Amino acid sequence: MSNIFPGKIAVMGGGSWATALAKLLLANGGSILWYMRRQDRIDDFLQTGHNPVYLSDVVFDTSRIEFTADINYACMHADTLVVATPSPYIKEHLKKITVDLSNHYLVSAVKGIVPDENLLVSEYMQHQFGIKPECTLVVGGPCHAEEVALERLSYLTIGCTHLPTAEAFAERLKSRRMRTIASSDVDGIEYAAVLKNVYAIAAGMIHGLKSGDNFLAMMVSNAVKETERFVDVVAPHPGRNIADSVYLGDILVTCYSRFSRNHNFGSMIGKGYSVKAAKMEMEMVAEGYYGTKCIYEINRRYGVDMPILNEMYAALYEGKPAARAIAAIAEKLS
């Protein structure tokens, strides 16, 4: 491991997923750098021993954490950057970086696409900062931060085009309560992570409209096929199996779990909230709202048959009532 990830690992972000990943990284010993944008949050963390806002039941040994509110300090003193910032804010953070990152490792735990650019985070970091593809990793799979905090058995897949690097970082995260899998399907993992949030919003709408579990199961099974059609066209990869946990498992947990913020967001819309009101009500970012627009725009180039995505776009961005969007989906399921 030390030959592939020398030096410090820096966690970039202060939210629930960043906190869960920091917990995992520290579980196997060692220390980390941790970049958070707000110094007051860092001060509270140091005083209390836990994140003051997210997963606050998780207690950390802060003597093993070097906090900083300076993103360039974190980049300068780390060799591996674990980015876990919500996608709507990622450009705002990354544009502050002036440090040369061309010899760094990047681990993207962002389950979204860079807004306006319509690029996967791995693609954006390679283009913007010269990070090598073989040094670019992604984290995916059916794994809610809240269950990591509760130390419930969980599974993550680490993707990298250089499989030994994926295996090495998978070993770094592995523990008694965290099982890890290595994969070379970087783009497929990232796109699937975006799409499952879109489908979780649809699942939430179905729940909010009280349309029933039978219909929900049918929608989810079609969402799996829709994901497969899209990734096979946009990011073909030999040996990909859509039934693997990083694809199917992630769709299932995000569509059904009470911890799914995208499901909860969709449920509010199904119950009659406007999109604006539901966004205001959410305490955390519903990535699927932003991912819907990005994937919809990307798919204009490819023309993949995606009726669920199209109806979610109509509901979230064109003012189509949730009941009508879900009814339209029902007519297209097979």
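Residues numbered from 1 in each chain as written. Predicted model: local features only at pLDDT ≥ 70, side-chain atom pairs only at ≥ 80, totals over all residues. Heavy atoms only, no water.

Undergrad: Help me out: how do you make sense of unusual backbone geometry in this one?
TA: Excluding glycine, residues mostly have negative phi values, and the peptide bonds linking residues are mostly trans. A positive phi angle is found at aspartate 116, which is not glycine, with a value near 70 degrees. Locating aspartate 116 in the fold gives a position in the loop between strand 6 (113–114) and strand 7 (119–120). (Helix = DSSP H or I, 4+ residues; strand = E, 2+ residues; numbered from the N terminus.)

Undergrad: How should I be thinking about a nonpolar patch on the surface in this particular structure?
TA: On the surface, Leu153, Tyr155 and Ile181 cluster together to form a nonpolar patch covering roughly 230 Å² of accessible area. Isoleucine 181 gets classed as partly exposed once you look at its relative accessible area, which sits at 36%. (Patch = residues over 30% accessible without salt bridge, like charges linked within 9 Å, V, L, I, M, F, W, Y side chains within 5 Å. Areas by Shrake-Rupley, 256 points an atom, 1.4 Å probe, with all protein chains shown as cover. Salt bridge = Lys/Arg side-chain N within 4 Å of Asp/Glu carboxyl O. Buried < 20%, exposed > 50% of the residue type's maximum accessible area, 1.4 Å probe, protein only.)

Undergrad: Got a minute to help me understand the packing of aromatic side chains in this structure?
TA: Two descriptors summarise a pair of aromatic rings, namely the distance from one centre to the other and the angle between the planes of the rings. Inspection of the entire model under this criterion finds 11 aromatic pairs. Ring geometry for tryptophan 34 versus phenylalanine 45: centroids 5.2 Å apart, planes at 70 degrees, classification edge-to-face. Placement of tryptophan 34 in strand 2 (residues 32–35) and of phenylalanine 45 in helix 2 (residues 39–48) is noted, with a sequence separation of 11 residues between them. A relative accessible area of 0% places tryptophan 34 in the buried class. (Phe/Tyr/Trp six-rings, centres within 6.5 Å; stacked < 30°, edge-to-face > 60°.)

Undergrad: Can you walk me through the pattern of salt bridges in this structure?
TA: Close approach of charged atoms allows side chains with opposite charge to pair. Under the definition given, this model contains 10 salt bridges. Of the charged contacts in the structure, one is a salt bridge between arginine 240 and aspartate 185, with a shortest N-O distance of 2.8 Å. With arginine 240 in the loop between helix 9 (213–234) and helix 10 (245–256) and aspartate 185 in the loop between strand 10 (178–183) and helix 8 (186–208), this residue pair connects regions lying 55 residues apart in the sequence. Residue arginine 240 shares its accessibility class with aspartate 185, and that shared class is buried. Counted as one network, the salt bridges with shared partners bring together Asp185, Asp232 and Arg240.

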